[in-house]
Amino acid sequence: MANLEAKGKMSPWQLGIVITSALLTARLLPATTYIVISSEQFLWLSSALAGLLFYSAAYLIILLGQQFPNETIGEYLPRLVGKKFGAVVFLIFITVQLINIINCLIAITTLYSIFLFDQTPRAVLIIVLLLAVIYCTMQEWGTILRVIQILVLALPMLYGFYSLIWINFETLNLLPLWPDNFSGILQGVAYHTEYYPGYESLLVLLPLAARGKVSFARTVGWGFLLVTIMYIIGGIVLIGAISAKTVSNVSYPVVFAMKSVEIPGTFIERLEDHMVTLFLPVTYISMMLSYYVIGEGCRKYLNYNDHRPFIPLFLPLIFFVCAFTNTPDRLEVLRNFSMFIGLFFSFVIIPLLLILAWRKKGNIEQC
Amino acid sequence: MNKLPRFKFFKLSAVQPNSSLSETRQKLAEFQKQVQQSKAIESAINNVVKDLHKVPAQDEQPFIFTNNIEINEQLVRSALSRCDDITYRQFRAGKAKALLVYLSGLTDTNKLETTVIESLTGRLNSNETLGNINEITNLLITAANVTVVPKPKEAIANILKGNPLLLIDGISDAVSIDAAKYEKRQISKAENEDAAKGPHDSFNETLSDNIALVRRRTKDPDLKVEIFEIGVRTQTSVALLYVEDIVKPALADKIRSQLLSIRIDKVILSANIEEFLIDQIWNPFPQVLVTERPDKIVAGLYEGRVSIIVDNSPTAMLLPITLQDLMQSVDDYTGRPAVASLIRFTRYIAAFIAVFLPAIYVSIVSYHPGILPSGLSFYIAELRARTPFPSLLEAFLMEGLLEIFQEAIVRLPQKLSAAAGVVGALVIGTTVVEAGLANALLVVVIALTGLSAFSMPSYPFGMALRFFRIPALLAASILGLYGISVFFIVMIVFLCSLRTYDESYLGDLFDITLIEDWKDGLLRFPAKFLTLRPKRLGAKDRTKIGSEN
């Protein structure tokens, strides 16, 4: 349509932007440490393999969506696996989205409280950001799409800042070039659930995209490729700047690397603070998108007219889990749980659903 | 109560015992004559009543015109009672009496004299009778525009507009003559939207002049001008302008129906209409472009927009609009495209500064002094040590002073405002700092903030930015840079959620589906690249004529 009256739809390229912007969040900051503990200086290789792996999961979701065009997961699940199993799978899907929001909230508020505040309780930061997320999620899809397209501009700015780490780059830190610990690299791939979150939103977002000349697999693929290249280059420059050993010993290696950047003769100092600020809009997109997907998914599943009634329902739960997860042990449990449920959903449930969908379709065609 | 005498029959000799027969006959004749006269009076009264009740007054009409000019005069006088500025001029048009009713000061009496009075008195002999109303309006009256008005309400409204009313004995219709003339401001230079190289003429308070200014710029028969009267009492003329073969389908219809549905007693300013056209009335951002420049209106009409011009307002409205429209000026199109693009980009930065700079100052000083280079950080700490207030209060104090001075300068006469500006600058710049109420850096911050708001091409948009400065300051004082970032995001969401006539308020700004509109948004491409009208406005004909080559 010529103007903006078509508020409920997006183009395939917009879908690509939405998914790309959902992938990069502040979750990657603490995750980098334990990925490097496993994959050492081959963080870039681990990220590349993870990109391939998670894109394949996204591709499976797109294939599943093609079996049920114009339907969200909540609508076709009962037909596909029955009401009871459908409810369980839908609950897992909602849990994956909730965990993304919770992890993002914890990551960004911890980041702020460590680097920009000294006394403000983290709960205050959480509730403020959560309310801002809810405000956006309460809007219609057209508005959310515009918000994403504007806030995504923070992504190149963030990467621009991050690229300043090249100043401290030393090739020696990358040696040896040939990996000898393949199992560690593969283990690091699993931890990349923190690097590639949010693509599961496709299960709800695909019906909102208008099918055109360009396939969804291609636009989403370009998004994954872009983010993966960013991670590969980012991984190389990070290890090159502060070495794998240092990365595995600090909590926020990216911020740590940024701290060591000095641009002599310029006014600008303490670039890590600016970078931390830019992480907020980037992470906000992912949180808001997951929250919208929860609301829209529930709306379709329960056959409601509006997604808004479901938005406030999850606020207490998210806030409670975020506030409760305030010790390293609890964080560890949450991290392991989110990794497990993310991988389980993407690489067990989605393929099974796809096989079921293919079989059912085959049966119908045979009939 | 007095009892009426009852008639009794007596012998004549008994009633008039002393009268002769001849005297009795004479008295009887006189009595018969009186009876005849009373019958004639009764008949005349009945005729008047018949005339009055011949056709019942229609709904909402105060009365109905009769054939009798004296009655008509009385009716008009009663409708316009205690209006001492109304003049009643009686004259003879041939055999018949005629009456002109007009508003002194709003009527061209010379024109009236030559086109009506001289025509009617000079062309007819004193014994000549007038023909029907068509003969009078078509042959006798020489005024350019003459209208027969059978309805009294319309006739009264015409008198109050300055158009004299002609009443003629024996004719039950009134004639309205276009002879309105009033004092008006000449077309002058735009006071608030001056352009360095663009045209300088601007709208005045007269609707016909304002429409003429638009018409003069285009000879397009598809430019339609519809005039309505809005305001139950003021009956203010409101013009709706659009280009029929360009405007988005149903947009003009929607705005027309909105205008016609306005039920208010008075329309004094164009803002009275504006508030009925927008949905989100509490939204501080302007959703209608108000301009005093006719060239802006014409440009907007040819992009597929609709314009509304209200009589007695020196501005016209353009709608629907987007944020980019408020950030563009005529000089963008008279200057070189590269320079114009840079200036546009600067305006966006200025808009950000206008809202967030004081907030950033407060957050850095209160929460994140470490974000600054060490030297600057120590310098600010030293400056801050001289003032007793916390940074938020200090910022509010300066912000309050800035607002007061802005208001004072806007309200004062031009000569005094310059003086007030100097006093303000001295007070803010030196006295406040010397008194230790605020530090010099904050003065710079606030001054830069004020200048940034003034640099907006749209004054209402600058006001909206001023409005959002306060919540931004509060967010910064509570949560520092985190608060500012969250507030910035919320503001983006708010702006994205705004709609004007189903269009996004942000227009094509960073919307990849409208990428072809980006040529004249944040940047300004050279004219030869702008071959299409903006997609965002949904124009019927998107091709700009003459630019396809």
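Residues numbered from 1 in each chain as written. Chains lettered and ligands numbered in written order. Predicted model: local features only at pLDDT ≥ 70, side-chain atom pairs only at ≥ 80, totals over all residues.

(A) View of the overall build of chain A. The secondary structure content of chain A amounts to 15 helices and 0 strands. Once the C-alpha set of chain A is aligned to its principal axes, its extents read approximately 70 × 45 × 45 Å. Across the 367 residues in chain A, those meeting the buried criterion constitute 50%. Sequence-distant contacts, at least 24 apart, represent 85% of the contacts inside chain A between residues at least 6 apart. (Helix = DSSP H or I, 4+ residues; strand = E, 2+ residues; numbered from the N terminus. Buried ≥ 20, exposed ≤ 12 C-beta atoms within 10 Å, placed from the backbone. Contact = placed C-beta atoms within 7 Å.)

(B) Quick peek at the overall build of chain B. Each helix and strand counted, chain B has 18 helices and 12 strands in total. Whereas a compact globule of 549 residues would reach a radius of gyration of roughly 24 Å, chain B reaches 36 Å, over 25% beyond that. Each principal axis of the C-alpha atoms in chain B carries an extent, and together these give about 140 × 70 × 40 Å. Scored against the burial criterion, the 549 residues of chain B give a buried share of 35%. The long-range fraction of contacts in chain B, counting pairs at least 24 apart against all pairs at least 6 apart in sequence, stands at 64%. (Rg over C-alpha atoms; globule rule 2.2 N^0.38 Å.)

(C) Inspection of the packing of helix α1 (residues 12-23) of chain A against helix α11 (residues 216-247) of chain A at higher detail. All names here are of chain A. In the contact formed by α1 and α11, the axes pass within 8 Å of each other and the chain directions differ by 30 degrees. The two elements α1 and α11 cross, and the hand of that crossing is right-handed. Residues Pro-12, Trp-13, Leu-15, Gly-16, Ile-19, Thr-20 and Leu-23 of α1 touch α11, and the partners they reach there are Phe-216, Thr-219, Val-220, Trp-222, Gly-223, Leu-226 and Val-227. In terms of residue class, the contact of α1 with α11 is built from 10 nonpolar, 4 polar and no charged. (Axes fitted to C-alpha atoms, helices over the stretch in contact; angles between N-to-C directions. Left-handed = near helix turned anticlockwise from the far one by under 90°. Nonpolar A, V, L, I, M, F, W, Y, C, P; charged D, E, K, R; others polar.)

(D) Representation of helix α9 (residues 270-277) of chain B in the model. Taken residue by residue, α9 of chain B has Ser-270, Ile-273, Glu-274 and Leu-277 of chain B as its buried positions. All buried residues of α9 of chain B fall inside an arc of 105 degrees around its axis, so they share one side. (Arc of directions from axis to C-beta.)

(E) Main features of helix α6 (residues 152-161) of chain B. Residue and element names in this part refer to chain B. Every buried residue of α6 is accounted for by Pro-152, Ala-155, Ile-156, Asn-158 and Ile-159. Buried positions in α6, seen along its axis, are confined to an arc of 160 degrees and lie on one side of it. Positioned one or two residues after α6, Gly-162 has a phi angle of 105 degrees, which is positive.

(F) Looking closely at the nonpolar core. Counting residues in hydrophobic clusters, the biggest one holds 212 residues, and the most contacted among them are Leu-105, Ile-108, Leu-111, Leu-129, Leu-238 and Met-288 of chain A together with Ile-484 of chain B. By residue number, the principal contributor to this core is helix α18 (residues 459-497) of chain B, which donates 18 residues. Formed jointly, this core draws a minimum of three residues from each of two domains, domain 2 (207-321) and domain 3 (332-504) of chain B. Leave out the neighbours within four places in its chain, and Ile-484 of chain B touches Phe-356, Ala-359, Ile-360, Ser-363, Ala-472, Ala-475 and Ala-476 of chain B. Formed by 28 residues, the second largest nonpolar core is a distinct cluster that contains Val-76, Leu-100, Leu-112 and Leu-120 of chain B. (Core = buried A, V, L, I, M, F, W, Y, C linked by C-beta atoms within 7 Å. Domains from an automatic or database assignment.)

(G) Fine view of the interface of chain A and chain B. Between chain A and chain B, the contact holds 33 residues from the first and 29 residues from the second. Secondary structure elements with two or more residues in the side of chain A that touches chain B: α1, α6 (122-137), α7 (141-151) and α13 (271-302) of chain A. When grouped by side-chain class, the residues that make up the side of chain A that touches chain B number 20 nonpolar, 8 polar and 5 charged.

(H) A look at the sheet that holds strand β10 (residues 316-319) of chain B. Residue and element names in this part refer to chain B. Here 5 strands make up an open sheet; going across it, the order is β6-β7-β9-β10-β8 and the pairing antiparallel. The open sheet terminates on both sides in strands that have one partner only, identified here as β6 (223-230) and β8 (289-291). Averaged over all neighbouring strand pairs, the angle between strand axes comes to 25 degrees, with direction disregarded. Together, β6, β7 (236-243), β9 (306-310) and β10 form the strand contacts of helix α7 (residues 207-215), whose direction differs from that of β7 by roughly 10 degrees. (Pairing = 2+ DSSP bridges.)

(I) Main features of the confidence of the model for chain A. All names here are of chain A. Scored by pLDDT, chain A comes out at a mean of 89, with 96% of its residues at no less than 70. When mean pLDDT is compared element by element in chain A, helix α10 (residues 202-205) scores highest at 95, while helix α9 (residues 182-191) scores lowest at 88. Throughout residues 1-6 the model reports pLDDT below 50, and contacts reaching past four residues in sequence, or to other chains, amount to 13 contacts. (pLDDT = per-residue confidence, 0-100.)

(J) Representation of the pairing of strand β1 (residues 86-93) of chain B in the model. All names here are of chain B. Two strands pair when backbone bridges link them, and β1 and strand β2 (residues 96-103) are joined in this way by 8 bridges, in the antiparallel orientation. Bridge pairing links Ala-93 to Ala-96 in β2. Hairpin geometry of β1 and β2 is characterised by an intervening segment of 2 residues between the two adjacent antiparallel strands and by a positive phi of about 70 degrees at Gly-94.

(K) Main features of the environment of Thr-20 of chain A. Residues and elements named next belong to chain A. By the secondary structure assignment, Thr-20 is in helix α1. The buried category is assigned to Thr-20, around which 24 C-beta atoms lie within 10 Å. Residues contacting Thr-20, with those up to four places away along its chain left out, are Gly-223, Leu-226 and Val-227.

(L) Molecular detail of the confidence of the model for chain B. Scored by pLDDT, chain B has a mean of 86; 94% of the residues are at 70 or more. Predicted confidence in chain B is weakest over helix α1 (residues 12-15) of chain B, with a mean pLDDT of 68, and strongest over β9 of chain B, with 95.

(M) Summary view of the sheet that holds β1 of chain B. Residues and elements named next belong to chain B. Within the open sheet, the 5 strands sit side by side as β1-β2-β4-β5-β3. Their pairing is antiparallel. Each end of this open sheet is capped by a strand with a single partner; those strands are β1 and β3 (146-149). Strand-to-strand twist across the sheet, computed as the mean angle between neighbouring axes with direction ignored, equals 25 degrees. Bridge analysis of strand β4 (residues 165-168) against strand β5 (residues 174-177) gives 2 bridges, and the strand direction is antiparallel. When the bridges of β5 are listed, Leu-165 appears paired with Ser-176. Across the sheet, helix α4 (residues 109-123) is in contact with β1, β2, β4 and β5; its angle to β1 comes to roughly 30 degrees.

(N) Inspection of the environment of Ile-255 of chain B at higher detail. Residues and elements named next belong to chain B. Checked against the element boundaries, Ile-255 lands in helix α8 (residues 251-260). Taking the number of C-beta atoms within 10 Å as the measure of exposure, Ile-255 has 21 and is therefore buried. Separated by 53 residues in sequence, Ile-255 and Ile-308 place their C-alpha atoms 9.3 Å apart. Not counting the four nearest positions on each side in its chain, Ile-255 is found in contact with Leu-240, Leu-277 and Val-306.

(O) Here's a closer look at the domain arrangement of chain B. Residues and elements named next belong to chain B. Per the domain assignment, the segments making up chain B are domain 1 (69-177), domain 2 (207-321) and domain 3 (332-504). For domain 2 versus domain 3, the separation of C-alpha centres amounts to 33 Å. The interface is formed by 12 residues belonging to domain 2 together with 9 residues belonging to domain 3. Each residue belonging to the side of domain 2 that touches domain 3 can be placed in one class, and the counts come to 8 nonpolar, 3 polar and 1 charged.

(P) Structural context of the environment of Gly-342 of chain A. All names here are of chain A. Topologically, Gly-342 is positioned in helix α15 (residues 328-366). Residue Gly-342 is classed as buried on the basis of its C-beta count, with 24 C-beta atoms lying within 10 Å. Between the C-alpha atoms of Gly-342 and Ile-99, which are 243 residues apart in sequence, the distance is 9.0 Å. Excluding its chain neighbours within four sequence positions, the residues that come into contact with Gly-342 are Val-96 and Thr-193.

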